[in-house]
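# Observations on the model geometry
As a plain string of letters, each chain reads:
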Amino acid sequence: MVSPTPLQAFSAVPKAPTKTSKQTLVDGEKMTGAQALIRTLEDLGVQDVFGIPGGAILPVYHQIHDDTKFRFVLMRHEQGAGHAAEGYAVATGRVGVCIVTSGPGATNMVTPIADANMDSVPLVVISGQVGIDSIGTDAFQEADTVGITYPVVKHSYLVTDAQDIPRVLAEAHYIARSGRPGPVVVDVSKTAQVGEMYYSWPQKMILPGYNPTTKPHGHVLREAAKLFEQSYRPVLYVGGGAMRSNAGAQVKELADLTDSPIVTTLPARGIVPDSDPKVLGMLGMHGTLAATAATQKCDLLVAIGARFDDRVTGKMDAFAPAARVIHIDIDPAEIGKRRQPDVPIVGDVAEVLDALNAEIKRGQAIRGATNLKPWWNLINSWREKYPMKYDEATPDGTLSPQWVVEELSRQAAPSTIWVSGVGQHQMWASQLIDFENPHSWISSGGLGTMGFGLPAAIGARVGSSRDFGGKKPVWLIDGDGSFQMTSEELAAAFIDNAPVKIAILNNSVYGMVRQWQTLFYDKHYSQTSIRDGENTEDIINVPDFVKLAEAYSCVGIRATTQDEAKAAIKRANEINDRPVLIDFRVYKDAMVWPMVAAGQSNDTVTYKPGVQPLLHNDTSDSGSDSSADEPQTDTDNAIVAAGAASTAQSEK
Amino acid sequence: MAIYPASTPHSERHTLSVLVENRPGVLARIAGLFARRAFNINSLSVSPTERPDISRVTVTADVEQVPLEQIIKQLNKLLHVLKIVDLDNTDAVERELVLIKVAANETNRSDVLEIVRLFRVRVVDVHPESLTIEATGAEGKIDALLGLLHDYGIIELVRSGAVAVTRGPHALSEKVVGSEIRGR
Ligand SMILES: Cc1ncc(C[n+]2csc(CCOP(=O)(O)OP(=O)(O)O)c2C)c(N)n1
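What counts, and where the lines are drawn
- Residues numbered from 1 in each chain as written.
- Chains lettered and ligands numbered in written order.
- Predicted model: local features only at pLDDT ≥ 70, side-chain atom pairs only at ≥ 80, totals over all residues.
- Heavy atoms only, no water.
- Contact = heavy atoms within 4.5 Å.
- Buried area = accessible area lost by both parts, 1.4 Å probe.
- Salt bridge = Lys/Arg side-chain N within 4 Å of Asp/Glu carboxyl O.
- Helix = DSSP H or I, 4+ residues; strand = E, 2+ residues; numbered from the N terminus.
- Nonpolar A, V, L, I, M, F, W, Y, C, P; charged D, E, K, R; others polar.
- Buried < 20%, exposed > 50% of the residue type's maximum accessible area, 1.4 Å probe, protein only.
- Patch = residues over 30% accessible without salt bridge, like charges linked within 9 Å, V, L, I, M, F, W, Y side chains within 5 Å.
- Areas by Shrake-Rupley, 256 points an atom, 1.4 Å probe, with all protein chains shown as cover.
- Lys, Arg positive; Asp, Glu negative; His and termini not counted.
- Charge placed at Lys NZ, Arg CZ, Asp CG, Glu CD.
- 1 Å grid on protein atoms, 1.4 Å probe; cavity = no way out; pocket = protein on both sides within 12 Å on 5 of 7 lines; lining within 4 Å.
- Points joined across faces, edges and corners; volume = space filled by probe spheres on them.
- Core = buried A, V, L, I, M, F, W, Y, C linked by side-chain atoms within 4.5 Å.
- Pairing = 2+ DSSP bridges.
- Near = heavy atom within 4 Å.
- Axes fitted to C-alpha atoms, helices over the stretch in contact; angles between N-to-C directions.
- Parallel < 35°, antiparallel > 145°, perpendicular 65-115°, else oblique.
- Left-handed = near helix turned anticlockwise from the far one by under 90°.
- Phe/Tyr/Trp six-rings, centres within 6.5 Å; stacked < 30°, edge-to-face > 60°.

As a further point, take the interface of chain A and chain B. In this assembly, 27 residues from chain A lie in contact with 25 residues from chain B. Summed over both partners, the interface of chain A with chain B buries about 2200 Å², with 55% contributed by carbon and sulfur atoms. Here A:Asp331 makes a salt bridge to B:Lys77, at a shortest N to O gap of 2.5 Å. Mapped onto the side of chain A that touches chain B, the elements with two or more residues apiece are strand 6 (155-159) and helix 8 (165-177) of chain A. No other element matches the four residues that strand 6 of chain A contributes to the side of chain A that touches chain B. Among the residues forming the side of chain A that touches chain B, the class breakdown is 14 nonpolar, five polar and eight charged.

Printed below as a string of C-alpha cells:
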C-alpha cells in the first residue's frame, strides 16, 4: 500500500475515477435465472440429475424439457435423491447433482449432504428458496438451508440475483470436484429464478480463498523415500482419498516397488484387486486379522488418502505404536489431526505417488531394494492361521449370512458394482466379496447412514448405463433394517429403469446393534427386533419383502435354503429389465468377526470368541504357536468374556 | 494427539488475525468452527479494513498449540477466509477499547480522577454517583486500570475485544487478490 504524500493527501483532485460497484452486463443472451440454471448445467456437461420438485423451485423445473441435455431421475424422497447422486458420483467419478425444493425438500437433503461430506463425495445440491422479500419472515416452506448445512458442507451459496447463477454454479461444480471433493449447496431464491439476466459462457470464477495444493514439494518426497529405505516392516494404509484421486495404479506400483503390504479402509476396498497377493484387506474394527496385525506391528505406516478414523485406529495412542508415519493427503487439515506424521505430504494422491515412486526408483537404482522376507513370512503366517472364516451351518437352520455374501460374490460378473447399507451385512460384504475393480464398492463409511443402499445403488446403476452401457451390473447387499429406511425408492428403480439387484440379508433384527447388545449389554435386546422375517407362526412378519417388491413391479424372491439361494441368485443375474429383490432368511445371531471393541487398542483384536492373537504376542513366524487358539483369561476385555459365553451357542 | 477441550485454564493467549471476504454469513461459519471444537474465545472483533472487499476478524483465545494449528487449518478450508496469522505479541500492536462505569461520589471522585490522570485515559460521562471512563490500550494496561478501579465498585463494564496489527510498513492484505463479489 503506497502512502500518500501530504500534498496528494490534501489535493482536491480525485486520484482515480471510482468504479461503480454494480457492473451493468449487457453481453450475452437474455433469459430468466431458471433458464440460466438449466443452461449452466448443460454447459457444465452434467448428464444426469436427481431430485423432486416443489413450489419454490418450480421456475427451474418449468425449464426442464424433452430436449434438455441432461436426464432427470425422479426419486421418491429427497434423501434418496441425495444418496443416488452420491452413488452416481462414486461410480462415475463425476459430480452428482440434485435439484430439490425449499424447506422440507432441503432439510431432507441434510443427511446425504453430511454423508457426502464425511466420505468426500463430489455433490452439488441445488435447492429452491423463497423470494428475497420473504427470507427471514418464516414464510411457507422457508428454512435457512445455508445455515442448517454450514457445518456439513464444503461450501454453500445463497443466490439472490439471477445474474449470479451461471458463475455460482460453475464455482460450485469446480469446488465440489477439485481438491478434497465434497458437497456444495446452492440455495437459489425464487427471486433469482424468475429474475432476468444475460447469459454467457464460460464464466470467470471468483474464488480468491480457494487454492487447493495438488503438487507435492520435492524435499518431503526425498524424506519419504529415505524412510522406506530404513524400514523393514512397512505398511501402506490406503483410504478413500486414494479412490477419489483414482490412484489405484500408483498404489500398486508403490507396493510392488517397495514390496509393501496394502491394507485399506472401508471406502478403499478394491483400490488394488483383492487377488493381488499384496492386499491384506480391510483393517480396524472389523478388518482382517492380517491387516490389523500388520499395521500394529509395522515400523513404517504410509497413510495414503486416509484420515485415521477411530473405526480404523481403535484407541489412538496404541495404534501402530512403533511406526514412523508418512501421511499423504490433499487436505492439509487432515495432516496432524489425529497423529503427527514424520513426513507430511500435501497433494493429490496420484500426483504425489507418481513423484514418490520416481524418487524411490532413483534411490533403488543406487542402493537396491530392502529385503522384506521376514516381514512377509510373519504376515503370511497370520494370513494362513487367521483367514476370514465363519460357520456355514447355523443353529436354527437358516442361511449363514456370510455364506450368502460369498455366494453372491462367486456368482457375480467381475465387473459388478457392489453397494451396501449399514450394519453387519456391510462388514461382511466388505470382508467377503472379492473386489477386482476400483470404484466398484459404494458404501457409507464416515457417517454410516442406514438407508444409503437402495438409492445409492440406483444412482450407481444410472451411472453404469451412462458410462458403461449398463454392462456393469449393480448388486445391493442390504440389511432388513437399512432397506426399510428408503425402500420407497423401489418405485424410482422400476420406473426410471434402474434394474438393480437387491440382496436383503434378512435377520429380523438390527443385527449390528444386537451384536453390541450381545457383547456389551448383557444380551438385553432392547428395541432391536424388527420382526420382518420371523419364521415363528405366532410372530408377525412385516413387511413381506417379496410382496413389497411385487407391489413396485419388481421381481421378489425368497430364499431359505442354500439351494434356493443359489437358484435365486442365478435368476437375479439373468433379469435385466427390472429390479430384483431376494429376501435371504439368515441367522440372527451370526456375528461379525474379527472385532476390536470400540475405544480399545487394536492389539485386543478378537479373531473369534476367545482368540486374541495379538495379546498372545503371536508375532513369531513359526506357524506352530498353538496357544493362539486358547481362550484368554488374563484380560478384562469385555469382548472376551461375552464372546466366550456366546461361543457355546453359536459355534456348533 | 487431539486435545479437547482446546482451551484449558493454563493455555497460552493467542491472537489470530483472519482476513475474510466481506460477505454475509462469514462470521457464522467462523464462529461455528470455534464452537464445534470447544475453543473458548476470549474476545472477537470484526470490522471493515482498508479494502472494501475484505473484513478482518481478530480473535484472542487461551488455547493449546495443537488444537490451535488444527483450527487454523480448518479455518483455511473456509472459502471465504483469505489469510490467517497467529500474531506474535512482540511483533504486533494490540489495543482494546473499554468503557467503565465506576461508582464515584463526591467523597472519592477525586481519587478516581487521579487514577484516570495517571493512566492517561478519559472521563466521558459524569454523574453525581458515577464516572464513565474510556480507556484504550494493550491488555496489561487495561487489566491494571481495572484492578485499581475495582475497589470503588464497577457498575458496568464493556470491552471492544482486541484489535491488532503487525509493526512495520506491510499490510496483511498485500498479497490477497480481491474478491470482487459482495453478495453471498
Ligand atoms: C440412520 C441410522 N440410524 C441408526 C443407525 C444405527 N445403526 C447402525 S447399524 C444398525 C442396524 C442395522 O440393521 P440392518 O440394516 O438390519 O443390518 P444388519 O446389521 O442386521 O446386517 C443401526 C440401527 C445408523 N447407522 N443409521
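Of all eleven residues that make up helix 17 (residues 401-411) of chain A, eight are buried, and the element is covered over most of its length. In this structure, the buried residues of helix 17 of chain A make contact with strand 15 (417-420), helix 18 (424-432), strand 17 (474-479), strand 18 (501-506), helix 24 (562-574) and strand 20 (580-585) of chain A.

All names here are of chain B. A cluster of basic residues, Arg-95, Arg-120, Lys-141 and Arg-167, forms a positive patch on the protein surface. Take Lys-141: it is sitting in helix 4 (residues 139-149). With relative accessibility at 31%, the residue Lys-141 sits in the partly exposed group.

All names here are of chain A. This model, assessed by the stated rule, comprises four cavities of 30 Å³ or more. Of the pockets and cavities examined, the largest cavity occupies roughly 160 Å³. Lining the largest cavity are 14 residues; nearest its centre among them are Phe-228, Glu-229, Thr-258, Gln-364 and Thr-370. Broken down by secondary-structure element, the contributors of at least two residues to the lining of the largest cavity are helix 10 (218-230), helix 12 (248-258) and helix 15 (349-367). Partitioning the lining of the largest cavity into residue classes produces seven nonpolar, six polar and one charged. Volume-wise, the second largest cavity comes out at about 110 Å³.

As a further point, take the nonpolar core. Residue and element names in this part refer to chain A. The biggest cluster of nonpolar side chains holds 44 residues, and the ones touching the most others in it are Phe-50, Val-419, Ile-442 and Ile-502. Of all the elements, helix 4 (residues 78-92) adds the most residues to this core, at seven residues. Setting aside residues up to four positions removed in sequence, Ile-442 forms contacts with Gly-87, Val-90, Ala-91, Ile-417, Trp-418, Val-419, Ser-420, Phe-452, Ala-456 and Ala-460. Counting residues in each nonpolar core, the second largest holds 37 residues, with Ala-412, Trp-418, Leu-505 and Phe-584 among its members.

Attention shifts here to unusual backbone geometry. Excluding glycine, residues mostly have negative phi values, and the peptide bonds linking residues are mostly trans. Residues and elements named next belong to chain A. With an omega of -5°, the peptide bond between Val-542 and Pro-543 qualifies as cis. Mapped onto the elements of the fold, Pro-543 is located in the loop between helix 22 (511-520) and helix 23 (545-551). Between Trp-593 and Pro-594 the backbone carries a cis peptide bond, its omega angle lying at -5°. Here Pro-594 lies in the loop between strand 20 and helix 25 (638-651). Phi is positive for Asn-497, which is not a glycine, with a value near 55°.

We now examine the pairing of strand 13 (residues 324-329) of chain A. Residues and elements named next belong to chain A. A large share of strand 13 lies buried, amounting to five of its six residues. Both strand 12 (residues 300-304) and strand 13 contribute to a ladder of five bridges, which runs parallel. Note that in strand 13 the partner of Ile-304 across the bridge is Ile-328. Pairing of strand 13 with strand 14 (residues 343-346) involves four bridges; the strand directions are parallel. For His-327, the partnering residue across the bridge sits in strand 14 and is Pro-344.

On to the site of the ligand, then. Residue and element names in this part refer to chain A. Among the 17 residues in the neighbourhood of the ligand, the closest are listed as Gln-424, His-425, Gly-481, Ser-482 and Gly-511. Here the ligand loses 75% of its free accessible area of 590 Å² to cover by the protein chains. For the shell around the ligand, the elements supplying multiple residues, two or more each, are helix 18, helix 20 (480-483) and helix 22. Split into classes, the residues belonging to the shell around the ligand amount to seven nonpolar, nine polar and one charged.

Looking now at the packing of helix 10 of chain A against helix 15 of chain A. All names here are of chain A. The contact between helix 10 and helix 15 brings their axes to 9 Å, and the two run at 55°. Taken as axis vectors, helix 10 and helix 15 run oblique relative to one another. Both helix 10 and helix 15 take part in a crossing whose hand is right-handed. Residues Leu-221, Arg-222, Ala-224, Ala-225, Phe-228 and Glu-229 of helix 10 lie in contact with helix 15, whose contacting residues are Val-352, Ala-355, Leu-356, Glu-359, Ile-360, Gly-363 and Arg-367.

Residues and elements named next belong to chain A. Enumeration over the complete set of coordinates arrives at twelve aromatic pairs over all chains. Here Tyr-61 and Phe-72 contribute two aromatic rings whose centre-to-centre distance is 5.3 Å and whose plane-to-plane angle is 75°, an arrangement assigned as edge-to-face. Of the two residues, Tyr-61 sits in helix 3 (residues 58-61) while Phe-72 sits in strand 3 (residues 71-74), which places them eleven residues apart along the sequence. Look at Tyr-61 and you get buried, because its relative accessible area is 12%.

Read these as layout, nothing more, since geometry by itself doesn't imply function.
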